[in-house]
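The lines below spell out each chain.
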Number of protein chains: 2
Amino acid sequence: MNDSYLKFVNSPFGGRLARSLGLPKPEVLRRYRADRPEFDGLVAIGAGREPHLFDALASLIASIGMTSVAHESAGLWVPLASRHGLMTGRFEPAEAAAPGKLAALLFDASGIDDSSLLEPLHGFFHDTLRSLGKCGRIVVLGRPPETCASPRQWTAQRALEGFVRSLGKEARRGITANLVYVEPGSESGIEATLRFFLSPRSAYVSGQVVRIAAHGALPQNPPAFDWRQPLAGHRALVTGAARGIGASIASVLAAEGAQVIGLDVPSARDALDATMRQLNGSALAFDIAAPEAPAQIAAALDELGVDIVVHNAGITKDKTIAKMTDTAWQSVIDINLSAQERIDEALLAGGILRDGGRIIAVSSISGIAGNPGQTNYATSKAGVIGRVQSMAPHLRARGITINAVAPGFIETQMTAKIPLAIREAGRRMNSMSQGGQPVDVAQTIAWLAHPGSAGVTGQVVRVCGQSLIGA
Amino acid sequence: MNDSYLKFVNSPFGGRLARSLGLPKPEVLRRYRADRPEFDGLVAIGAGREPHLFDALASLIASIGMTSVAHESAGLWVPLASRHGLMTGRFEPAEAAAPGKLAALLFDASGIDDSSLLEPLHGFFHDTLRSLGKCGRIVVLGRPPETCASPRQWTAQRALEGFVRSLGKEARRGITANLVYVEPGSESGIEATLRFFLSPRSAYVSGQVVRIAAHGALPQNPPAFDWRQPLAGHRALVTGAARGIGASIASVLAAEGAQVIGLDVPSARDALDATMRQLNGSALAFDIAAPEAPAQIAAALDELGVDIVVHNAGITKDKTIAKMTDTAWQSVIDINLSAQERIDEALLAGGILRDGGRIIAVSSISGIAGNPGQTNYATSKAGVIGRVQSMAPHLRARGITINAVAPGFIETQMTAKIPLAIREAGRRMNSMSQGGQPVDVAQTIAWLAHPGSAGVTGQVVRVCGQSLIGA
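By convention here, each chain's residues receive numbers from 1 onward along its written sequence. Chain letters and ligand numbers both follow the written order, the letters beginning at A and the numbers at 1. Local features in a predicted model are, by the rule used here, given only for residues with pLDDT of at least 70; side-chain atom pairs are given and counted only at 80 or more, and totals for whole chains, interfaces and linings are based on all residues. Computation of side-chain values covers all heavy atoms of the structure but excludes hydrogens and water.

## Some words on the pattern of salt bridges
Two side chains of opposite charge can pair, provided their charged atoms sit close to one another. The condition is simple: We define a salt bridge as a contact between a side-chain nitrogen of Lys or Arg and a carboxyl oxygen of Asp or Glu at a distance within 4 Å. For every residue, the accessible area obtained with a 1.4 Å probe (protein chains only) is divided by the maximum for its type, and the residue is called buried under 20%, exposed over 50%, and partly exposed between those limits. In DSSP terms, a helix is any run of H or I states spanning at least four residues, a strand is any run of E spanning at least two, and both are numbered starting from the N terminus.
Tallied over the entire structure, the rule returns 44 salt bridges over all chains. Here B:Arg33 and B:Asp35 are joined by a salt bridge, their closest N and O atoms 2.8 Å apart. The exposed category is assigned to B:Asp35, whose relative accessible area is 57%. The closest approach of N and O atoms between B:Arg428 and B:Glu424, which form a salt bridge, is 3.0 Å. Remark: B:Glu424 and B:Arg428 occur in helix H15 (residues 420-428); sequence separation between them is four residues, near one turn of the helix. Comparing B:Arg428 with B:Glu424 shows no difference in burial state: the two are buried. Three or more residues are tied together by salt bridges with common partners; here these are A:Glu411, A:Glu424, A:Arg427 and A:Arg428.

## Section: the environment of A:Ser206
Residues and elements named next belong to chain A. Going by this rule: The contact definition used throughout considers only heavy atoms, calling two residues in contact when any of these lie within 4.5 Å. We define a polar contact as two N or O atoms separated by no more than 3.5 Å, with the added condition that, inside protein, one atom must be a possible hydrogen donor and the other a possible acceptor, whereas residues neighbouring each other in sequence contribute only through side-chain atom pairs.
If you trace the backbone, Ser-206 turns up in the loop between helix H7 (191-198) and strand E7 (209-212). Sequence separation of Ser-206 and Leu-60 is 146 residues, and the distance between their C-alpha atoms is 21 Å. Not counting residues within four places of it along the chain, the set of residues in contact with Ser-206 comprises Gly-168, Ile-175, Thr-176, Ala-177, Asn-178, Met-432 and Gln-466. For Ser-206, the side chain forms a polar contact with the main-chain nitrogen of Ala-177, separated by 3.0 Å.

## Here we look at helix H13 (residues 375-395) of chain B
Put simply, the test is: Given a helix with a known number of residues, its expected span is that number minus one, times 1.5 Å.
Counted at 1.5 Å a residue, the expected span for H13(B) with its 21 residues is 30 Å, and the 30 Å between its end C-alpha atoms agrees. The buried count for H13(B) comes to 18 of 21 residues, which makes it a mostly enclosed element.

## Concerning the domain arrangement of chain A
Residue and element names in this part refer to chain A. The criterion, for reference: The split of the chain into domains comes from an automatic or database domain assignment. The quantity reported as buried area is the accessible area (1.4 Å probe) lost by two parts once they are put together, taken as the sum for both. Only Asp, Glu, Lys and Arg are considered charged in this grouping, and only Ala, Val, Leu, Ile, Met, Phe, Trp, Tyr, Cys and Pro are considered nonpolar; every other residue, Gly among them, is considered polar.
What the domain assignment reports for chain A is domain 1 (31-212) and domain 2 (235-463). Computed over C-alpha atoms only, the centres of domain 1 and domain 2 are separated by 30 Å. For the pair domain 1 and domain 2, the two sides together bury roughly 1,900 Å², of which 53% comes from carbon and sulfur. Viewed at the interface, domain 2 and domain 1 are joined by two salt bridges. Of the charged contacts, one joins Arg-201 and Glu-256 as a salt bridge, the two residues approaching to 3.1 Å between their closest N and O atoms. On the surface where domain 1 and domain 2 come into contact, there are 10 residue pairs in polar contact (both at pLDDT 80 or more). At the level of elements, helix H6 (151-171), H7 and E7 are the ones that each hand at least two residues to the side of domain 1 that touches domain 2. Partitioning the side of domain 1 that touches domain 2 into residue classes produces 11 nonpolar, seven polar and five charged.

## Overview of the relation of the copies chain B and chain A
Worth spelling out the cut-off: In superposing the copies, a least-squares fit is computed on C-alpha atoms, taking residues whose pLDDT is at least 70 in both.
Its rotation angle being 180°, the transformation that places chain B on chain A also includes 0.0 Å of axial translation and leaves an RMSD of 0.0 Å. The transformation relating the two chain copies, once decomposed into turn and shift, fits a two-fold axis. Residues of chain B ranked by C-alpha distance from the rotation axis are headed by B:Gly470, positioned 1.8 Å from it.

## Comments concerning the confidence of the model for chain A
All names here are of chain A. Keep this limit in mind: On a range of 0 to 100, pLDDT expresses the predictor's confidence in each residue.
For chain A, per-residue confidence averages 93 on the pLDDT scale, and residues scoring 70 or more make up 93% of the total. This stretch, residues 1-6, has a pLDDT under 50; its non-local contacts, to residues over four places away or in other chains, come to 11 contacts. Across the interfaces of the predicted complex, the ipTM metric reaches 0.94, alongside a pTM of 0.94.

## Here we look at the interface of chain B and chain A
In this assembly, 78 residues from chain B lie in contact with 79 residues from chain A. Roughly 6,800 Å² of surface becomes buried between chain B and chain A when both sides are summed, with 64% attributable to carbon and sulfur atoms. Applying the counting criterion to the chain B and chain A interface returns two salt bridges. Linking B:Glu345 and A:Arg152 is a salt bridge whose minimum nitrogen-to-oxygen distance equals 2.8 Å. Taken together, chain B and chain A are joined by 35 residue pairs in polar contact (both at pLDDT 80 or more). Those elements giving two or more residues to the side of chain B that touches chain A turn out to be helix H1 (2-10), helix H2 (12-20), helix H5 (119-128), helix H6 (151-171), helix H11 (326-349), helix H12 (365-369), H13 and H15 of chain B. Residue contributions to the side of chain B that touches chain A peak at 13 residues, all from H6(B).

## Things to note about the packing of aromatic side chains
Residue and element names in this part refer to chain A. To keep it simple, the criterion reads: Each Phe, Tyr or Trp ring (for Trp, its six-membered ring) is paired with any other whose centre lies within 6.5 Å, and the angle between the two planes then decides the class: stacked below 30 degrees, edge-to-face above 60, tilted in between. Cation placement over rings: the criterion is NZ of Lys or CZ of Arg within 6 Å of the ring centroid and within 35° of the ring normal.
Counting across every chain of the model gives 20 aromatic pairs over all chains. Plain terms: the ring middles of Phe-107 and Phe-124 are 5.6 Å apart, the flat faces sit at 40° to each other, and that makes the pair tilted. Taken together, the positions of Phe-107 in strand E4 (residues 102-108) and Phe-124 in helix H5 (residues 119-128) put the pair 17 residues apart, joining distant regions of the chain. On the basis of relative accessible area, Phe-107 is assigned to the buried category, the value being 0%. Measuring from ring centre to ring centre gives 6.1 Å for Phe-107 and Phe-125, while their planes differ by 40°; the resulting arrangement is tilted. Remark: Phe-125 occurs in helix H5 and Phe-107 occurs in strand E4; sequence separation between them is 18 residues. Judged by relative accessible area, Phe-125 falls into the buried class, the value being 0%. Over the ring of Tyr-32 we find Arg-201, and its NZ or CZ is 3.8 Å from the ring centre.

## Some words on the sheet that holds E4(A)
Paired through their backbone hydrogen bonds, the strands of a sheet run either parallel or antiparallel. Residues and elements named next belong to chain A. Stated formally: Pairing between strands is defined by DSSP: at least two bridges between them are needed. Simply put, an axis is a line fit to the C-alpha atoms, just over the touching stretch for a helix, and the angle between two N-to-C directions goes from 0 to 180 degrees.
Taken in spatial order, the seven strands of this open sheet run E3-E2-E1-E4-E5-E6-E7, and their pairing is parallel. The sheet is open, and its two edges are formed by strand E3 (88-90) and E7, each paired on a single side. Sheet twist, expressed as the average angle between the axes of neighbouring strands with direction ignored, equals 25°. Packing against the sheet, helix H3 (residues 54-64) makes contact with strand E1 (42-47), E4 and strand E5 (132-142), and its axis sits at approximately 180° to E1. Along the sheet, H7 makes contact with E4, E5, strand E6 (176-182) and E7, crossing E5 at roughly 150°.

## A look at the sheet that holds strand E13 (residues 401-407) of chain A
Residue and element names in this part refer to chain A. Taken together, seven strands build an open sheet; the order of strands is E10-E9-E8-E11-E12-E13-E14 and the sheet is parallel. Strands with a single pairing partner mark the edges of an open sheet, and in this sheet they are strand E10 (282-285) and strand E14 (460-463). Within the sheet, the average angular offset between the axes of one strand and its neighbour, ignoring direction, is 20°. Where helix H16 (residues 438-449) meets the sheet, its contacts fall on strand E11 (306-311), strand E12 (353-362), E13 and E14, and the angle it forms with E13 comes to roughly 165°.

## Regarding helix H10 (residues 293-301) of chain A
Turn by turn, an α-helix covers 3.6 residues, leaving residues three or four places apart pointing in a common direction. All names here are of chain A. To keep things clear, this is the line we draw: In this context, the arc is that of the directions from the helix axis out to the C-beta atoms.
All buried positions along H10 are accounted for by Ala-293, Pro-294, Ile-297, Ala-298 and Leu-301. Angularly, the buried residues of H10 cover 135° about the axis, an arc narrow enough to put them on a single face. With respect to the buried face of H10, the exposed residues turned more than 90 degrees away are Ala-295 and Ala-299. Check the buried side of H10 and you find it contacts strand E8 (235-239), strand E9 (259-264), E11 and helix H11 (326-349).

## Some remarks on the side chain of A:His122
With respect to the helices and strands, the residue A:His122 is situated in helix H5. Since its relative accessible area comes to 0%, A:His122 is described here as buried. Those residues in contact with A:His122 that lie beyond four places of it in its chain are B:Ile321, B:Met324, B:Thr325, B:Asp326 and B:Trp329.

## What about the packing of H6(A) against H11(B)?
What counts, and what does not: Here is the rule for angles: anything less than 35 degrees is roughly parallel, anything more than 145 is roughly antiparallel, 65 through 115 is roughly perpendicular, and the remaining ranges are oblique. In this scheme, a crossing is called left-handed if the near helix is turned counterclockwise away from the far one by less than a right angle; it is called right-handed if the turn is clockwise.
The contact between H6(A) and H11(B) brings their axes to 13 Å, and the two run at 150°. Looking at the two axes, H6(A) sits roughly antiparallel to H11(B). When you trace H6(A) past H11(B), the crossing you get is right-handed. Judged by residue contacts, A:Arg152, A:Thr155 and A:Phe163 of H6(A) engage B:Trp329, B:Leu337, B:Glu341, B:Arg342 and B:Glu345 from H11(B). Considered class by class, the residues forming the contact of H6(A) with H11(B) number three nonpolar, one polar and four charged.

## A short note on the pairing of E11(A)
Residues and elements named next belong to chain A. In terms of burial, E11 is largely enclosed, as six of its six residues are buried. Here E8 pairs with E11 via three bridges, running parallel. Across the sheet, the residue bridging to Ala-236 is Ile-308, located in E11. As paired strands, E11 and E12 are joined by five bridges and run parallel to one another.

## Brief notes about unusual backbone geometry
For residues that are not glycine, phi is negative in most cases, and the peptide bond is trans in most cases. All names here are of chain B. Non-glycine residue Arg-173 carries a positive phi angle of around 55°. With respect to the helices and strands, the residue Arg-173 is situated in the loop between H6 and strand E6 (176-182). Of the residues examined, Arg-173 reaches a relative accessible area of 30% and is grouped as partly exposed.

## A look at the environment of B:Leu129
Considering the arrangement of structural elements, one finds B:Leu129 in the loop between H5 and strand E5 (132-142). Each C-alpha atom, one on B:Leu129 and one on B:His71, is 12 Å from the other, the two residues being 58 residues apart in sequence. With near-sequence residues (within four places) excluded, B:Leu129 lies in contact with A:Ile321, B:Leu105, B:Ile138, B:Leu167, B:Ala171 and B:Arg173.

In structure tokens:
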């Protein structure tokens with residue numbers, strides 16, 4: 001397999017195609033390890049005029065213990081940072097020649113309210129991008145366009161998307177670039193999200209746009225938590241937990257302190273028990289497609305309730321539509337989509353999913369872009385997006401968030417069965433030039449499950465290394 | 001170039017990669033010609049339970065003179081069609097073995113309000129897809145998810161997106177597949193949009209999702225028009241009209257009956273004059289980036305006003321951000337985005353763009369997905385999307401619509417300069433396995449400019465042959 005790929009990229013045409021698509025020489029991605037510092041190094045700060053988020057950013061940087069340097073576009077940063085007790089300095093033009101000097105680039109675009117004022121975005125990244133090290137982090141912050149008062153402000157804020165997505169495709173070297181839209185009034189709720197995007201935990205999340213909302217989703221008295229064990233005292237149900245991505249989700253949530261209840265089909269009972277034993281979790285062996293499953297799951301969780309529900313269980317039955325049987329259609333829709341609806345309704349109706357809870361559903365890049373041979377799967381996964389968008393407003397009053405992750409090419413037993421050429425294309429056609437790992441999906445889910453993510457709801461976050469493929 | 005491509009697709013690895021990406025053997029697309037019937041052949045009708053759009057569809061099919069056959073999922077069609085005086089029959093399972101028998105497949109999914117009821121979608125396309133001829137048309141009709149009363153209905157309607165996008169990627173052979181969400185109350189306003197998606201005019205538009213809105217955008221007394229000359233009596237301003245896509249837009253709008261005013265920079269005056277002479281149009285030679293341009297354009301149009309404004313003028317100045325000059329950044333943002341804002345404000349403030357008018361702006365696939373080396377261009381084109389989304393609600397009261405088209409790979413002098421490998425990839429990586437033509441963009445704009453498109457506003461329609469590339 002690697003030989004084929006190497007032969008291909010070394011042929012004259014293949015080499016040119018590979019280079020132009022950015023296929024070759026994947027970087028070894030830095031991932032989170034409990035035995036290494038999660039945040040270190042220098043973060044350069046840039047801004048458009050009237051940055052509204054400097055206070056929140058200074059408080060974040062003090063909290064995670066990074067050191068900041070201010071680009072000339074961020075003149076107000078130095079006095080502010082010193083008020084927050086931060087070590088800080090100025091980014092000198094000469095430093096642009098020092099590759100690897102910076103660990104992260106943060107740009108506050110929240111005050112840009114006209115397209116003619118976008119230039120500092122260019123100035124900052126023009127000066128700093130070459131100094132950003134391997135696996136560096138880029139975060140641009142703005143205001144949700146749809147909350148902007150004037151069409152001109154909306155336009156300028158919406159323009160940021162094109163910028164960040166281009167920058168992510170340009171940066172390479174394992175660098176991620178993401179855009180966080182912060183609704184006015186939600187500034188105190190940005191830390192968990194910015195920690196995620198600045199951390200090695202977001203190794204395979206790039207080119208994404210996330211909104212942090214203010215509207216009522218933030219509880220008046222947010223529960224106290226420890227940043228090192230944020231899920232301590234929380235109970236999490238994970239479906240499809242016996243192996244693969246589901247087992248990784250269970251493992252990451254447990255590492256964050258959650259008490260995990262893993263669910264899988266009865267035929268996977270042994271693998272499920274083994275996985276749960278390692279995590280001090282408990283196991284539920286149910287077929288989620290069975291009509292009685294929602295009531296059974298609700299009964300099993302009833303006494304202690306649950307705080308986090310991760311709908312990860314899913315199947316594929318690929319065929320072109322002319323060859324697809326009714327059963328192949330119906331079972332994929334039922335397991336991947338309708339079963340989630342039934343289970344959530346049972347857990348919500350009985351108050352078993354507690355107020356302030358989290359629902360996270362696994363969608364797919366196929367649900368966004370469509371995929372030949374997967375009309376059933378893509379329909380189910382697009383439906384998952386609809387579920388998240390439609391349920392979010394209903395759940396807001398109870399402080400429950402609902403979001404989806406949409407994995408791209410993740411290295412699993414399932415993807416190992418994909419024919420060679422499609423597999424290689426899927427693996428390489430993204431800004432990381434490689435497939436992701438199950439832990440990348442799991443870490444993204446852990447961020448959404450975090451008590452500090454109360455302002456993130458109704459959203460779809462791709463875990464795809466910024467795949468070329470989309471809609 | 002073709003030799004390289006042929007060598008590549010005929011090597012063992014290249015062949016497999018090409019096949020899996022669907023690269024080879026592009027179909028010759030059927031395009032609109034005034035001397036050939038626009039609509040002919042059989043259209044098969046399918047439906048989920050309680051189809052709400054059958055009346056509107058029967059009236060459409062009577063109007064365009066096609067013949068319908070009802071699939072077993074559409075039992076109510078036959079009696080309804082005969083009430084509309086339509087020739088109709090039943091689609092027999094044996095006909096599935098007759099490739100090319102059908103010219104179009106229409107599925108009314110508007111009544112599907114639960115994910116468990118999606119099966120007829122599978123049943124219909126399972127039975128009919130193989131009978132659809134080359135360059136056939138697929139349209140699925142639903143309800144806009146965000147207008148649905150229940151989360152389950154929203155979810156089921158949102159699921160249609162994954163289905164249609166997969167089907168488009170699967171169908172090949174020049175077939176297009178699109179999804180039209182019809183808001184309750186807008187049923188009388190669907191004909192112009194369905195004509196476009198059933199016509200050869202939409203040759204390079206596939207995998208798109210379009211909403212038809214009811215809210216006030218439909219004038220009480222829609223102006224009468226002739227389907228063969230729908231823009232007769234309308235005046236259309238087209239920027240960047242001297243050559244390429246702009247000249248094609250001017251030409252198509254003129255063929256639909258519009259009086260065209262072409263605008264381009266003074267240095268393109270000769271080409272512009274030549275283009276306009278052919279169309280009996282008039283020419284305006286202004287640099288849209290000049291501060292005085294909006295007032296000059298407004299003054300030039302003042303006496304007769306204008307009904308259609310097409311913002312097509314645009315430039316590229318590609319460089320990675322570290323090498324991009326301030327001027328390259330600022331000129332692209334200014335010409336592609338800020339100038340549009342200034343011109344529209346001048347035309348709207350003076351009432352020069354008349355009530356019931358149309359604004360159509362050219363965005364780009366780069367503005368959706370981002371593109372390395374195009375941080376400036378992608379920012380400007382993402383901003384265009386913001387412009388359309390933010391202005392649409394403001395303009396509704398005046399019956400003015402604003403939409404964007406986002407071209408993918410279109411064969412022009414601009415794309416001819418792209419390096420070989422990127423050009424070949426851009427050309428092939430879509431469901432049509434080929435680049436589009438300027439006329440494909442122009443026809444899409446003509447549909448949005450149509451007096452019958454009053455319910456289509458705030459939208460972005462890609463003209464990309466369903467490119468793999470997206471966000």
